[in-house]
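# Inside the fold
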Amino acid sequence: MCGIVGYIGNKNAQNFLISGLKRLEYRGYDSAGIVTLNAEGEATLLRAKGKILNLEEKLAANKRDDKIGIGHTRWATHGEPSETNAHPHRAGKIYLVHNGIIENYKELKENLKEHDFKSQTDTEVLAALINSFYKDGEYPLANAVVQALKLVKGTYGIAVVSCLSPDEIVVARSGSPLVIGVGHDETLLASDASALLRHTKRAIYLNDGEVALIRKNSVEIKTLNAEPVSAKVEEIETNIAAIQKGGYEHFLLKEIMEQPESLMETLRGRVNAKDGTVRLGGPGLSEEKLRGIKHLVIVGCGTAYHAGLLAGYYIEQFTPEITVETVIASEYRYRNAYIPKDSVALIVSQSGETADTLACLREIKKQGIPTIGIVNAIGSTIAREVDGGTYVHVGPEISVASTKAFTSQAIAMVMFGLTIAQAKGVKSSMLRPYVEEIAKLPEAVRETLDSTHDIVKNVAEKYAEYEHAIYLGRDTAYPTAMEGALKLKEIAYVDANAYAFGELKHGPLALVDDRFFEMALLPEGELYEKAVSNVQEVLARGGHIVAVTNVEDFDLPVESVIKIPAEIRLFAPILMNLVSQLFAYYATVAKGLNVDQPRNLAKSVTVE
Ligand code: F6R
């Protein structure tokens, strides 16, 4: 959410800032801006509403060969998307870019009467506050930043430059990620390591409560209490190919189609189909501890929450004497929930930076409950703060809508459940079918994507103009229906909601009319016939049903049928979700909407 970049070195700063912002545009795309300084400290500030493309147009008429600068792409929190509200914000001689939210900005603003506020943002308040300590260069910039941050409540990742010292950038973080790239005769900065990749693979991940003074050839880090921190330089693990479209028209389609490989990465070295066992090293819990687990709390937001719900159904199927509670992080953090002592919490997050999920992690840790991360982004805050964890290793997800992460998060959590069941001595005849299917899943994912692709495209085009959709499923297909509905609503802007089949008669059936279509997820199994009865009830009321099923002799008179391969039984909902992903993608394309950057959203929600 929002992207920050910065550069100091011998090369053209504007070029780096623009290319870096393009990399980060998926994190926010309401407006963007850059400021660069020449050797004399003269600033060139360029800001534009909307996409980076608009900023580039301004740049064409304002090219500079400056060697230092900072930039920002915004997801609006305070104040509408506009050029005036775009970052960088100026106060006196300083310029500031900021990710996060300054919660006490109104209170701070009261005491900053001498500053002529131009924008409605909390960020400009922080710029003015820093300037009030800087006193136009009377005090060192880094000191002024520290003084100001000591008064701030909220979250921030910031970068500050001053016209009076065009050889330094001051950065700081609390709750919003910042990565410093260490190059040859240059130091770079970004809120996400992917923006640095073309220039360096050596990075320093700033921690909460740290402030860094960045120069061309040095990085000096201190805590807000002026204690020196020795900078640890780490290797960025992502490669360039992983953050490019690789011949696909959209990142979303690329990410959907790469699931056979990304899921394989999740399973690598962790599944032994021959002896029907799984092995996860990361959580670091002893056999005794695993045996003693009676309660699992799974915490996430959006798609990660759905993955947790789905995994919970499976874990309860094969693990005796365990309860699983999957919770929405933004709710859970304010609940006065008692967590029994023999619990373990799974903290699920693709980005590893989601503010509410991170807040839950910290609350749960305070209660002394072991926390296990199910995270994708390596080195992210959640990954670093959990007691143990399992990376899902799906590679960068650039498209705002999460796809490949869902599949791998769900399976990684099921594997964690299997390790508990193994430790508890559950018979291998019970667990083996799950393990064997997990081992086969990457290939089944490939087969499903290949065999359904064209038909899903046709069906999606047929239903793209509906404004309402109802996704239906039960048991493991219910969270899958929830995830399918979320995909369609967030990228195709369809009012899509999910219900458990059994709930239809308790209310939602009243909705069925020609403005709606119904996506019915119908996996073969114990509850199939019951779901079929519910489908009949919808049909009897003139419903427009798209059925997704693995039942070979499926013959209900629904409008459209999408068949998935029959071989996978237990995890058929995972395959059905691929259909939902492709469906949402092609409906969005048919409507001519922005697939990778849906309106009002941004990747990685680092504000509450
Ligand atoms: C939906 C989507 C979001 C995220 C949610 C959590 O497609 O992308 O619902 O799943 O914001 O994000 P992470 O997993 O990064 O914590």
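Residues numbered from 1 in each chain as written. Predicted model: local features only at pLDDT ≥ 70, side-chain atom pairs only at ≥ 80, totals over all residues. Heavy atoms only, no water.

When the domains of the protein chain are assigned, the result is domain 1 (3–236) and domain 2 (251–590). The distance between the C-alpha centroids of domain 1 and domain 2 comes to 38 Å. In this assembly, 8 residues from domain 1 lie in contact with 9 residues from domain 2. When domain 1 packs against domain 2, the two sides together hide about 740 Å² of surface, and 46% of this comes from carbon and sulfur. Summed over the three residues of domain 1 that lose the most area to domain 2, namely Tyr26, Arg173 and Tyr205, the buried surface amounts to 48% of that side. (Domains from an automatic or database assignment. Contact = heavy atoms within 4.5 Å. Buried area = accessible area lost by both parts, 1.4 Å probe.)

So, about the side chain of Ser176. Within the element layout of this structure, Ser176 appears in the loop between strand S8 (169–174) and strand S9 (179–182). Taking relative accessible area as the criterion, Ser176 reaches 1% and is therefore assigned buried. (Helix = DSSP H or I, 4+ residues; strand = E, 2+ residues; numbered from the N terminus. Buried < 20%, exposed > 50% of the residue type's maximum accessible area, 1.4 Å probe, protein only.)

The next subject is the sheet that holds strand S3 (residues 43–49). In space, the 8 strands of this open sheet follow the order S3-S2-S4-S1-S10-S9-S11-S15, with antiparallel pairing throughout. Of all the strands in the sheet, just S3 and strand S15 (234–235) have a single pairing partner and so form its edges. (Pairing = 2+ DSSP bridges.)

Core analysis: the biggest nonpolar cluster contains 92 residues, and Phe416, Tyr471, Leu488, Phe571 and Phe583 have the highest contact counts within it. Ignoring any residue separated from it by four or fewer positions in sequence, one finds Phe416 in contact with Leu280, Pro283, Leu285, Leu290, Ile293, Leu296, Val344, Leu346 and Ile372. Core analysis: the second largest hydrophobic core is formed by 30 residues, Ile130, Leu141, Val145 and Tyr156 among them. (Core = buried A, V, L, I, M, F, W, Y, C linked by side-chain atoms within 4.5 Å.)

Interhelical geometry of helix H9 (residues 302–318) versus helix H15 (residues 477–492) gives an angle of 165° and a closest axis separation of 8 Å. In terms of axis orientation, H9 runs roughly antiparallel to H15. Like other packed secondary-structure pairs, H9 and H15 cross with a definite hand, here left-handed. Seen from H9, the contacting residues are Gly302, Thr303, Tyr305, His306, Leu309, Leu310 and Tyr313; seen from H15, they are Tyr478, Pro479, Thr480, Met482, Glu483, Leu486 and Lys487. For the contact of H9 with H15, a count of residues per class yields 8 nonpolar, 4 polar and 2 charged. (Axes fitted to C-alpha atoms, helices over the stretch in contact; angles between N-to-C directions. Parallel < 35°, antiparallel > 145°, perpendicular 65-115°, else oblique. Left-handed = near helix turned anticlockwise from the far one by under 90°. Nonpolar A, V, L, I, M, F, W, Y, C, P; charged D, E, K, R; others polar.)

Our focus in this paragraph is unusual backbone geometry. With omega at 0°, the peptide bond leading from His87 into Pro88 counts as cis. With phi around 70°, Ala226 is a residue other than glycine that occupies positive phi space. Counting through the fold element by element, Ala226 comes out in the loop between strand S13 (218–223) and strand S14 (228–229). Phi is positive for Asp475, close to 55°, though the residue is something other than glycine. Within the secondary structure, Asp475 is located in the loop between strand S23 (468–473) and H15.

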